[in-house]
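# Observations on the three-dimensional arrangement
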Amino acid sequence: MRYSDVTPKQVYLNRRRFLSAGAAAAAALTASLPSRATTKLDGVQPTSYKPAGEAVTSPDIITGYNNFYEFGTGKDEPAKRARNFKTSPWSIQIGGEVMAPKTLEYDAILKIAPLEERIYRHRCVEGWSIVVPWIGFPLSALLKQVQPTAKAKYVAFESLYDRKQMISEGAAGIRFPYVEGLRLDEAMHPLTLLTVGLYGETLPNQNGAPVRLVLPWKYGFKSIKSIIKITFVEKQPVTTWSREWPEAYGFYSNVNPMRDHPRFSQATEHRLGSGRLNDLRNTLLFNGYSEVASLYTGMNLIRDY
Ligand code: MTE
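Remember, it's a predicted structure, so these values are computed and weren't measured experimentally. (Residues numbered from 1 in each chain as written. Predicted model: local features only at pLDDT ≥ 70, side-chain atom pairs only at ≥ 80, totals over all residues. Heavy atoms only, no water.)

## Some details on the overall build of the protein
Put simply, the rule reads: Runs of H or I in DSSP of at least four residues are treated as helices and runs of E of at least two as strands, each being numbered from the N terminus. By definition, residues are in contact when any of their heavy atoms lie within 4.5 Å.
Across its full length, the protein carries 10 helices and 12 strands. When contacts within the protein are restricted to residue pairs at least 6 apart in sequence, long-range pairs at least 24 apart make up 73% of them.

If you want it as structure tokens, here you go:
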């Protein structure tokens, strides 16, 4: 099962053309549906991360055009179906190869480090991109609290899967819970954001409320939503999309214009909602975040995709 199996190509292409043609109105239709109220996040530090010359994508697109398979495989489904998703109380269990395992409640997570706005480019493997004003703090601040042991080489993440609130594995075409993983140095990198907000407010449900990851140099699917568990491990953990289709989705999934997906070229991307008709741009290695290059020195980025 793969993106293109669950989203018939023609439907997907039509939808993409529609959006890339600057038809924010299409997304606005979805966004105008009532959704769970988000609340303002106080004390958010202004951004020092803003890609030069890039306009932030409109909230209608960011909150109306989503991948969140637990709430459906159509781009407009998460906004509708996650409307009543219960995100409180919420806690994250952190354990594995650590000296001090912990379960942290949502309110305690918000107090771990100052909240900052980070405007990141977001590149989806399907060939579209957006620019998003996230709010959060470096994941490293949370991970340091549990004191990883010398055996900890990777970090595994798990999303909530609640069959009462979410669709079945059969309907989604992938196994749940959604799982992701990072090498420890990737998880500790200052760009890796533990994300709790968007556009000045708490995360909308469809964007992964109440806590998700955002890694701007990797394809969007690495940025796991609605996290309930973080485990330090010795061996490379299983990840959802590489389990479902290993030839298409690797463990690293760094944005790389030279390494095509079997169905989608990675050389270029359609910027959604820029107001320009068919705004096609060249995709950059690491999505332009060249400061992460040193994490992969000596690796073959075509083989280790
Ligand atoms: N996390 C979970 N739990 N379930 C998902 O289906 N989709 C991924 C990622 N995280 C997904 C997930 C994919 S494919 C993308 S592109 C991004 O979330 C989309 O994030 P956004 O909807 O906030 O743009």
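Having seen it, we continue.
## A look at the sheet that holds strand β2 (residues 102–105)
So the rule is basically this: Pairing between strands requires that DSSP locate at least two bridges from one strand to the other. The axes are straight lines fitted to the C-alpha atoms, using for helices just the contacting stretch, and the angles between their N-to-C directions are given from 0 to 180°.
If you walk across this open sheet you meet the 5 strands as β2-β1-β10-β5-β6, and the pairing is mixed. Two strands bound the open sheet, and with one partner strand each, they are β2 and β6 (179–183). Between one strand axis and the next, the sheet turns through 15° on average, direction left out of account. Taken together, the 6 bridges between strand β5 (residues 154–159) and strand β10 (residues 227–233) define a ladder with antiparallel strand orientation. Considered in β10, the bridge of S159 is made with I227.

## Comments concerning empty space enclosed by the protein
Definition in use: The definitions used throughout rest on a 1 Å grid laid over the protein atoms alone, on which a cavity is an enclosed set of points accommodating a 1.4 Å probe that cannot get out and a pocket is an open set flanked by protein within 12 Å on both sides along at least five of seven lines; lining residues are those having an atom within 4 Å of a point. Grid points are joined across faces, edges and corners, and a volume is the space filled by probe spheres set on the points. In this classification, Asp, Glu, Lys and Arg are treated as charged, Ala, Val, Leu, Ile, Met, Phe, Trp, Tyr, Cys and Pro as nonpolar, and every other residue, Gly included, as polar.
Scanning the model with the defined rule gives 5 cavities of 30 Å³ or more in all. Size it by volume and the largest cavity reaches roughly 320 Å³. Residue lining of the largest cavity: 23 residues in total, with N67, H122, R212, G220 and K225 positioned closest to the centre. In terms of residues, the lining of the largest cavity owes the most to one element, strand β4 (residues 128–138), which gives 3 residues. A breakdown of the residues in the lining of the largest cavity according to their chemical character gives 13 nonpolar, 7 polar and 3 charged. In this model, the second largest cavity occupies a volume close to 120 Å³. Y219, A248, S253, R259 and Y305 are the residues nearest the centre of the second largest cavity, which is lined by 15 residues in total.

## Notes on the pattern of salt bridges
Here is the rule we go by: A side-chain nitrogen of Lys or Arg and a carboxyl oxygen of Asp or Glu constitute a salt bridge if their distance falls within 4 Å. Categorising residues by exposure relies on relative accessible area from a 1.4 Å probe, with only protein chains included: less than 20% of the type maximum marks a residue as buried, more than 50% marks it as exposed, and the intermediate range marks it as partly exposed.
Using the criterion set out here, one finds 18 salt bridges in the structure. Salt-bridge contacts for R81 lead to E77; the nearest nitrogen and oxygen are separated by 3.0 Å. Residue R81 and its partner E77 are both found in helix α5 (residues 77–81); the two are separated by 4 residues, about one turn of the helix. Accessibility expressed as a relative area gives 22% for E77, which makes it partly exposed. A salt bridge links E244 to R243; its shortest N-O distance comes to 3.8 Å.

## A look at the nonpolar core
We count it as follows: Buried Ala, Val, Leu, Ile, Met, Phe, Trp, Tyr and Cys residues that are joined via side-chain atoms within 4.5 Å together make up what is termed a nonpolar core.
Ranked by internal contacts, the top residues of the largest apolar core, which has 76 residues, are L142, F157, L213, W217 and I230. Apart from the residues lying within four places of it in its own chain, the contact partners of I230 are I92, Q93, I94, G95, L142, L143, V155, A156 and F157.

## Some thoughts on the layout of surface pockets
To locate leftover empty space, one rolls a probe as large as a water molecule over the atoms. Size it by volume and the largest pocket reaches roughly 170 Å³. As for the largest pocket, its lining consists of 14 residues, of which T87, S88, Y106, D107 and P210 are closest to the centre. Split into classes, the residues belonging to the lining of the largest pocket amount to 7 nonpolar, 4 polar and 3 charged.

## Side note on the confidence of the model for the protein
In plain terms, the rule: Values of pLDDT, ranging from 0 to 100, describe the predictor's confidence in every residue of the model.
Residue-level pLDDT values for the protein average 91, and 88% of them are 70 or greater. Every residue in residues 1–34 is under pLDDT 50, and counting partners more than four places away or in other chains gives 65 contacts.

## What to know about unusual backbone geometry
Here the residue pair F176 and P177 is connected by a cis peptide bond, since its omega of 0° sits within 30 degrees of zero. On the secondary structure map, P177 appears in the loop between α8 (169–172) and β6. Phi at S253 takes a positive value of approximately 50°, unusual for a residue other than glycine. Positionally, S253 belongs in the loop between α10 (240–244) and β11 (268–271).

## A word on the pairing of strand β7 (residues 193–198)
Counted residue by residue, β7 has 6 buried out of 6 residues, so it is predominantly covered. Examined bridge by bridge, β4 and β7 share 5 bridges and lie antiparallel to one another. If you follow P138 over to β7, its bridge partner there is L193. Sheet topology note: the β7/strand β9 (residues 212–214) ladder contains 3 bridges and is antiparallel. Its bridge partner being in β9, L194 is matched across the sheet by L213. Taking the residues between adjacent antiparallel strands as the criterion, β7 and strand β8 (residues 201–202) are bridged by 2 residues, where Y199 takes a positive phi near 50°.

## A word on the packing of aromatic side chains
What counts here: A pair of Phe, Tyr and Trp rings is counted when the ring centres sit within 6.5 Å of each other, with Trp represented by its six-membered ring. The angle between the planes then sorts it: under 30 degrees is stacked, over 60 is edge-to-face, the rest tilted. Note on geometry: a ring has a charge over it if NZ (lysine) or CZ (arginine) is within 6 Å of the ring centre and within 35 degrees of the ring normal.
Summed over the entire model, instances satisfying the criterion amount to 15 aromatic pairs. Between Y69 and W241 the ring centres are 5.4 Å apart and the planes differ by 85°, which places this aromatic pair in the edge-to-face class. With Y69 in the loop between α4 (59–64) and α5 and W241 in helix α10, the pair connects residues that are 172 residues apart, well separated along the chain. Exposure class is identical for Y69 and W241. Each is buried. Ring-pair connections join several aromatic residues into one group, and the members of that group are Y69, F221, W241, W245 and Y249. Positioned above the aromatic ring of Y65, the side-chain terminus of K75 is 5.9 Å from the ring centre. Taking the ring centre of Y49 as reference, the NZ or CZ of R118 above it sits at 3.9 Å.

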